[in-house]
Amino acid sequence: MSVHKEAKRITTHTLQSMKEQGEKITMLTGYDFSMATILDQSGVDVILVGDSASNVMAGHETTLPITLDQMIYHASSVIRAVKRALVVVDLPFGSYQGNSRLALDSAVRIMKESGAHAVKMEGGAEISDSIIRVLSAGIPVMGHLGLTPQSIYKFGTYVVRAKHEEEANKLISDAKLLEEIGCFSIVLEKIPATLGKTVSEMLTIPTIGIGGGKDTDGQVLVTHDLLGITKDFHPRFLRRYADLFTAMTEAMQAYIRDVRSGDFPGPDEQY
Ligand code: KIV
């Protein structure tokens, strides 16, 4: 069943009320017009134009290479498709860390040039000046703690974060800080489920988990992973709902067969 075209738009306030009502929030990534049309019609609450586009769309090993211009291109393609979902866009690596003026300029460019509704920024206390400056312009900010892929060269690996007390305490204090300064929501990536629960119960703003356990206020996955388009990625937190890699390969092979055999185009498929 698809969602009615005139359905009420999701806002940051909707997400807050969903948390208050105990209703789970759904978020999925989107990078282009066609997929965003399907995502929006499916009724997902939030579409994240993630910097995972760097991996999924461009084939890079990390999220670091994607540029602000490329994020704006993806975000504006998504925005043209969306009638209901809240669209959140990642500020890419190098466009906000350590320089709040740059952070503001980057966020303003995303909002102005793509028409997005909010931005997401990775990190806690280290980037709080940048978050505060972006918020001061009236731009809603989603935080992101735990495994923050833009810092992969600092972590060294993509293993579960905050398993030990010191890192868990830092995550808790960062989460409190992000709420205090005005973030409307926080992504919690690849952390123990018990910590996901503690942080979600402690905060009044909604948390959205990816590998953060079942007790976060919402869940997010990379759409291409959920659909089984990406094939060689098997983290424990991922549930695949389709095997589109196989389905698409079979469809393409059927087309190749039909063209080669002369079966396509048939009499009704030409002018
Ligand atoms: O870029 C992305 O897709 C993300 C999600 C994994 C949360 O940040």
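Residues numbered from 1 in each chain as written. Predicted model: local features only at pLDDT ≥ 70, side-chain atom pairs only at ≥ 80, totals over all residues. Heavy atoms only, no water.

Things to note about the site of the ligand
Close contacts around the ligand come from T29, L48, G50, D51, S52, D90, K120, H144, V187, I210 and V222, and that covers them all. In this structure, an oxygen atom belonging to the ligand sits 2.9 Å away from a side-chain N or O atom of K120. Protein coverage of the free-state accessible area of the ligand, which is 260 Å², stands at 95%. Tallied by class, the residues present in the shell around the ligand amount to four nonpolar, four polar and three charged. (Near = heavy atom within 4 Å. Polar contact = N/O pair within 3.5 Å; in protein donor to acceptor, adjacent residues only side chain to side chain. Areas by Shrake-Rupley, 256 points an atom, 1.4 Å probe, with all protein chains shown as cover. Nonpolar A, V, L, I, M, F, W, Y, C, P; charged D, E, K, R; others polar.)

Here's the deal with the side chain of T207
Counting through the fold element by element, T207 comes out in strand β7 (residues 207–210). According to the relative accessible area criterion, T207 is buried, its value standing at 0%. Only 2.7 Å separates the side chain of T207 from the side chain of S200, close enough to count as a polar contact. (Helix = DSSP H or I, 4+ residues; strand = E, 2+ residues; numbered from the N terminus. Buried < 20%, exposed > 50% of the residue type's maximum accessible area, 1.4 Å probe, protein only.)

Here we look at the pairing of strand β6 (residues 185–189)
The buried fraction of β6 is high, at five of five residues. What you see with β6 is no split at all: S185, V187 and E189 on one side and I186 and L188 on the other are buried throughout. Pairing between strand β5 (residues 141–146) and β6: five bridges, direction parallel. Directly across from G146, in β6, lies its bridge partner E189. One ladder, built from four bridges, connects β6 with β7; its direction is parallel. Note that in β7 the partner of L188 across the bridge is G209. Taking the sense of rotation as the criterion, the β-α-β connection linking β6, helix α9 (residues 193–202) and β7 turns out right-handed. (Pairing = 2+ DSSP bridges. Right-handed = clockwise from strand over helix to strand, strands pointing away.)

Here's the deal with the nonpolar core
The biggest cluster of nonpolar side chains holds 55 residues, and the ones touching the most others in it are V119 and M121. The element contributing the most residues to this core is helix α4 (residues 68–79), with six residues. Contact partners of M121, with chain neighbours within four places excluded, come to L91, Y96, A103, I127, S130, I131, V134, V141, M142, G143 and H144. Counting 16 residues, the second largest nonpolar core, distinct from the first, contains M18, M27, V187 and I210. (Core = buried A, V, L, I, M, F, W, Y, C linked by side-chain atoms within 4.5 Å. Contact = heavy atoms within 4.5 Å.)

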